[in-house]
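Close look at the chain arrangement
The chain contents come next:
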Amino acid sequence: MTTPAGSTTPTPTATPTTTPLRIGLLGTGPWARNTQAPALAAHPGVELSGVWGRRAEAADVLAAAHGTRAYTGEAGIDALLEASDAVAFALPPDIQAPLAVRAAEAGCHILMDKPVATTVEGARAVAEAAAKAEVASVVFCTLRFAPETAAWIAEQAAVGGWFTARAQWLGSLYAEGSASEYADSPWRREKGGLWDVGPHALSVLIPVLGEVTELTAARGPADTTHLILRHSSGASSTVTLGLSAPPAAAGMDIELRGAHGTAAIPGWDGAETAFRGAVDALAEAVRTGVPHTCDARFGLRLTELLAEAETQAGQHGGLTRVRGRVRAG
């Protein structure tokens, strides 16, 4: 385990297009092991510059598996930032956000998981730090970077004329008998499907239907949340999100209806392929200086919408209980 004594003050590093982009990874959990680390290590345009973990043993194991250096502790964060042009995050959102600010201030480009943060203040700090430091940023919303779904989103946005849309993302992570290793995630258990899969649904609907101008939220069974949205195009959409559905009811579907008929989102080839697409998007933003549309600013907007939905759903979504029944408040 490498934990250099003392801290350093990294300076921004220009990355020539002819050399690999040095990307460090912060995090050693299931998402890092199964997606980020393999994608970064295999990417032809990337040098995996190191892995940082809170637990030294976990960092050692993951770094060794991909032929790179392990870091831990506060000094390890500084050392990894100094050794990197960019950093990718596989951490809980409210641990990710302040570290993303720290990385931006050190001159590193940032590739973040969704949501950027679960507070508007945290997400805004990241967006402002990235803008001030003039570093590139990308938020990894899977469907925006998987080749199949990214192409579909672009196609439907170009078609236009959409009247309404329906999105359902129901996982069974917390259903009885679930053995998923992601079920051990404290932040997912606390925040539920709204924050875990809500960014995915919104990241598809907004580029196709336009900015959200009105939002209504209500609670469903277990951690399920229902959203009704109006968009700047005039279209409306409904969204159902949850992580506690019975296994037989779990699944994802997004369907658009409009002047040209209907369109359903296609399947995609897994998270690792999508993450490679996010790496490509970050590298392009670094090379050109043109911000990606799914950047820290977009991540801030997602957090604003999810925070508003959480507030409404916590207040029964604007519904009032009267004599055992529910009526509009």
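Quick note: structure is the one above.
A brief look at the structure comes next. (Residues numbered from 1 in each chain as written. Predicted model: local features only at pLDDT ≥ 70, side-chain atom pairs only at ≥ 80, totals over all residues. Heavy atoms only, no water.)

Within the protein chain, the regular secondary structure consists of 11 helices and 14 strands. Out of the 329 residues belonging to the protein chain, those deemed buried represent 52%. Contacts spanning at least 24 positions in sequence make up 69% of the contacts within the protein chain whose residues lie at least 6 apart. Accessible area of the protein chain: about 14600 Å², with a carbon and sulfur share of 52%. (Helix = DSSP H or I, 4+ residues; strand = E, 2+ residues; numbered from the N terminus. Buried < 20%, exposed > 50% of the residue type's maximum accessible area, 1.4 Å probe, protein only. Contact = heavy atoms within 4.5 Å. Areas by Shrake-Rupley, 256 points an atom, 1.4 Å probe, with all protein chains shown as cover.)

This paragraph deals with the sheet that holds strand S5 (residues 109–113). Taken together, six strands build an open sheet; the order of strands is S3-S2-S1-S4-S5-S6 and the sheet is parallel. If you trace the sheet from one side to the other, it starts and ends with strand S3 (70–71) and strand S6 (137–140), each paired once. Note: strand S1 (residues 21–26) against strand S4 (residues 86–89), four bridges, orientation parallel. Across the sheet, residue Ile 23 finds its bridge partner in S4, namely Ala 86. (Pairing = 2+ DSSP bridges.)

By volume, the largest pocket amounts to about 680 Å³. Along the wall of the largest pocket there are 25 residues; nearest its centre are Thr 28, Gly 29, Pro 30, Ala 90 and Pro 92. Within the residue set of the lining of the largest pocket, elements represented by two or more residues are helix H1 (30–42), helix H4 (93–105) and helix H8 (186–196). Residue composition of the lining of the largest pocket, by class: 13 nonpolar, five polar and seven charged. The computed volume of the second largest pocket comes to approximately 410 Å³. Lining the second largest pocket are 21 residues, with Trp 31, Trp 169, Asp 196, Val 197 and His 200 positioned closest to its centre. The set of elements that each furnish at least two residues to the lining of the second largest pocket consists of strand S7 (162–170), H8, strand S11 (251–258) and helix H10 (270–288). Looking at the lining of the second largest pocket, its residues break down into 11 nonpolar, six polar and four charged. (1 Å grid on protein atoms, 1.4 Å probe; cavity = no way out; pocket = protein on both sides within 12 Å on 5 of 7 lines; lining within 4 Å. Points joined across faces, edges and corners; volume = space filled by probe spheres on them. Nonpolar A, V, L, I, M, F, W, Y, C, P; charged D, E, K, R; others polar.)

Time to look at the sheet that holds S11. In a beta sheet, neighbouring strands pair by backbone hydrogen bonds and run either parallel or antiparallel. Strand order across the open sheet formed by six strands is S8-S9-S10-S7-S11-S12, with mixed pairing between neighbours. Looking at strand neighbours, the two that pair on one side only are strand S8 (212–219) and strand S12 (261–264), the edges of this open sheet. Averaged over all pairs of adjacent strands, the angle between strand axes in this sheet comes to 15°, irrespective of strand direction. Pairing analysis gives four bridges linking S11 to S12, with the strands arranged antiparallel. The partner of Arg 257 across the bridge, within S12, is Thr 262. (Axes fitted to C-alpha atoms, helices over the stretch in contact; angles between N-to-C directions.)

This brings us to the pattern of salt bridges. This structure, assessed with the given rule, holds 16 salt bridges. Residues Asp 78 and Arg 102 are paired through a salt bridge, measuring 3.2 Å at the closest nitrogen-oxygen approach. Of the two residues, Asp 78 sits in helix H3 (residues 73–82) while Arg 102 sits in helix H4, which places them 24 residues apart along the sequence. Given a relative accessible area of 12%, Asp 78 falls into the buried group. Among the salt bridges present, the one from Glu 255 reaches Arg 257, with a minimum N-O distance of 3.1 Å. Assessed through its relative accessible area of 17%, Glu 255 is described here as buried. One salt-bridge network, held together by shared partners, links Arg 124, Glu 211, Arg 301 and Glu 304. (Salt bridge = Lys/Arg side-chain N within 4 Å of Asp/Glu carboxyl O.)

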